[in-house]
Structures are given as structure tokens and as C-alpha cells.
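# Observations on chain architecture
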Amino acid sequence: MSKDKLPVDEIVQGDCIDILKGFPACSVDLIFADPPYNLQLRGDLWRPNMTKVDAVTDEWDQFSSFEKYDRFTREWLEACRRVLKPKGTLWVIGTYHNIYRVGSILMDLGYWILNDVVWVKTNPMPNFRGVRFTNAHETLLWAKKSEKQKGYTFNHHAMKAYNDGKQMRSDWYLPLCTGPERIMVNGEKAHTTQKPEALLERVIVSSSMPGDLVLDPFFGTGTTGAVARRLGRHYIGIERDASYVEVARQRIAGIAAPTGEELEALIPPDARKPERVPFTRLLELGLLQVGDRLTHRESGTIATINADGTLTADGKTGSIHRLGAEVQGTPSCNGWLHWLYRDKASGEQKPLEALRDAVRNKSK
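Here's a quick rundown of the structure. Counting of residues starts from 1 at the beginning of each chain's written sequence and follows it residue by residue. Local features are withheld for residues below a pLDDT of 70 in this predicted model, meaning they are given only at 70 or higher, and side-chain atom pairs are given and counted only at 80 or more; totals for whole chains, interfaces and linings count all residues. By convention in this description, side-chain values take in all heavy atoms of the structure and omit both hydrogens and water.

Buried, partly exposed and exposed residues are distinguished by accessible area as a fraction of the type maximum, computed with a 1.4 Å probe on protein chains only: under 20%, between the cut-offs, and over 50%, respectively. Every helix listed is a DSSP run of H or I at least four residues long, and every strand listed is a run of E at least two residues long, numbered separately from the N terminus. Inspection of helix α3 (residues 99-108) places Ile99, Val102, Gly103, Ile105 and Leu106 among the buried residues, and these make up the whole buried set. Its buried side turned inward, α3 meets α2 (66-83), β3 (84-94), β4 (112-121) and β5 (137-144). Directly after α3, the chain includes Gly110, whose backbone phi takes a positive value near 105°. Contacts: residue pairs with any heavy atoms within 4.5 Å of one another.

Encoded structure:
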């Protein structure tokens, strides 16, 4: 593959460490990684009714030592960090078997952890032997490339919509992938550790924008790609197992990418912030004049507009916000709402916000 060409909206079969070497640096916006957990299972597991548990015994999850698993983890995390954009972030999921080793290596490589999120499974598999607590959660680590990284995508308000309008917490209560969502091939699970789409939806909505490129280096049956496509993002999947690749391609082919108004509706509220209008802009446009007087809604204080956009009242000078706070005796003040101007056409007093809205509407 050419270094200047990315396989956007494609699945590449092969080892992610080798394949990522061919990607240009700083080329993807978001990475979600569901690597092997190295479960270290010993023997078969049986239910009390003597039916065998369909556990994870796949070859891809088996490592002969912790040293080999750590070496593998370091290599794929290094490869991912190289291709992540300067403002990109990475999510990695795991259980107690591996997540602490992954987290340590992640930090050693220079990543900076933003959150650990606990996926609390509302329908976990019980501990059939009754010798330990039921494993009812998995941990996701969310990290940026470095401590000094200044910016990254976090759609705070979009996540509040998933939590009844309240700030999203770091404990996510979601069921395992079951029922119609679980992909079956010849009556068997296509993949032993298929993740629920609801989990990936939260990851992708929180940390990317429509049109962004999402990379999954352990693509499996394509949950990341399916959700990314449905949410108007692009994806790249890397997967070693040919059977998984085929299942993923068929799965994603059946999903229509949003366009037009559908795509517009997917833009998070955080990204729809109105145009910033400095107070001086009102002077530049002639909507207000130097020397005009404004009245403070609560206190009745009269202030005069200065040439630099500040206000002066009672011997004090400051911005519409700072002076507003001073005259009403509060720590802060939204000057756009609390200072009134006199409308020349109607003679009515109106908040400065009305002029700001007029500027915004004219620029649309």
C-alpha cells in the first residue's frame, strides 16, 4: 500500500503492526482497539447442568508468556500512536486479565489517560464454579497522544443526551451483545467477543465528528465500522482472520451511510456553537456608536460606550461582562443579557443580545 493512500472505508486483512507501518503518520482521528485479552484459560468450563460454556479459546487470544503479550502490546500501541493525528485520541478496552498491563505500557509510551470508563454489563455471565465474584464489567481507557496535547474532540453535550440531559458518567450500564445483534454463522457465534453497538456508539459519538476517520486495528466482525458508517464517520479496519473479514464486509455493506439532512443531524450540539460576536463588532457595523449609553437591567446604572469597546460608569471601566458584574455586585455577569440599548426604530430598550443575534442571522 502506498504511504500517501489510506484504505478509507475498507478492511485490510493482515497483522495490524505490519500494516500500520504503511500508513502515513498523523492520519487518523480516532482509534478504538479491542485487542486480545490474554485470558489465560485453563481447561474447559461447564455449567451446573453440565453444558459446556462457549468461552474464548481462540488462537489469537493465546500468548505463551506475559513478556510476549507485553511486547505485542507495546508494538501495536506504538504503531497506533504514530498514525494518530495531533488532536486524536485512542480508546482501548480490556478486562482485569490485561487492562492494567495495557495501561502501564500506554503511559510508558507517552500517551496521557483522560478517563477510565467502566462498562457495567447488565446481563453478565455468572461465575459457574461459585469461587469468585461474577465478572460483570470491562474497562475502557481513553487517552490522548501526550500530556502536552492541547486539543481533542469531546462532545460533552451529545453525551448528556445519552444520560437524560445530565453529565455523562464514567460508568456505562449496557447489556452484552445478544439476540438479533449477535452475528451467527451456521448456528455458531461468528466471533466470541463481539461488542454491543451501543458501546461503540458512545465511544464514537463522544470522541469524533461526522466525516472523521476511525481506525480499529482489531476489527473482528466489524462493529466499529458498522457504527462508524451509521454515524457518518469513515473507518479503516485491520483484521488477521479471513472469516471475520468476510462477515464484517457483508455486515457493513448492508448499512447505508447518512447523507444530506441525515448527516447534518449527526453534528453534535457542541459543534453547532453560534458565531462568536465581539462587542466591538457592533461598533464596526454601526449598530452602536461611541458615546451611546446603555442601561443596566437590574441596577439602572447608565454606562457610556468607549472607542475600544469598554464601558464606563460611575468612574469604573470594563467590558460589558466585567462592568456588569461590578454594578450588580456579583462574581460574573452575561453583559449581552443585562445591558440594554435603545432601539432607534421603536424607541424600546432591548438587551444587547438582540443586536448580536441580528449580526449572526445576517452572516448565515
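We are not done yet, so read on.
The next point concerns the packing of aromatic side chains. Each aromatic pair joins two rings of Phe, Tyr and Trp (for Trp, the six-membered one) with centres within 6.5 Å, and gets the label stacked for planes under 30 degrees apart, edge-to-face for over 60, and tilted for any other angle. Applying the stated criterion across every chain, the model contains nine aromatic pairs. Taking the centre distance of 6.3 Å and the plane angle of 65° together, the rings of Phe279 and Trp336 count as edge-to-face. Pair noted here: Phe279 is in helix α9 (residues 279-284) and Trp336 is in helix α11 (residues 335-338), with a separation of 57 residues, a long-range link. Among the aromatic side chains, those forming a connected cluster through ring pairs are Trp91, Trp142, Tyr152, Phe154 and Trp172. We note Arg81 situated over the ring of Tyr111; from NZ or CZ to the ring centre the distance is 5.8 Å. Counting as a charge over the ring demands two things of the Lys NZ or Arg CZ atom: a distance within 6 Å of the ring centre and an angle within 35 degrees of the ring normal. Just above the ring of Trp119 sits the side chain of Lys121; from NZ or CZ to the centre is 5.2 Å.

Once that is clear, we can look at the sheet that holds strand β12 (residues 302-305). Spatial strand order, β14-β13-β12-β11-β15-β16: six strands in an open sheet with antiparallel pairing. The open sheet terminates on both sides in strands that have one partner only, identified here as β14 (316-318) and β16 (349-351). Neighbour to neighbour, the strand axes of the sheet diverge by 35° on average, direction disregarded. Across two bridges, β12 lies against strand β13 (residues 311-313) in antiparallel orientation. Following the sheet pairing, Ile305 is matched in β13 by Leu311. Every axis in this analysis is a line fitted to C-alpha atoms, fitted for helices over the stretch in contact. Angles between the N-to-C directions lie between 0 and 180 degrees. In the packing of helix α10 (residues 320-328) onto the sheet, the strands contacted are β11 (293-296), β12, β13, β14 and β15 (339-342), and the crossing angle to β14 comes to about 140°. Between any two strands, at least two bridges found by DSSP are needed for them to pair.

For helix α6 (residues 223-230), a buried count of six out of eight residues is recorded, marking the element as mostly surrounded by other parts of the structure. All buried positions along α6 are accounted for by Thr223, Thr224, Gly225, Ala226, Val227 and Ala228. The inward-facing, buried residues of α6 abut β2 (28-33), α5 (197-207), β9 (213-216), β10 (234-239) and α7 (242-253). Once α6 ends, the next one or two residues include Gly232, with phi positive near 75°.

Any functional reading would require information beyond the geometric quantities listed.
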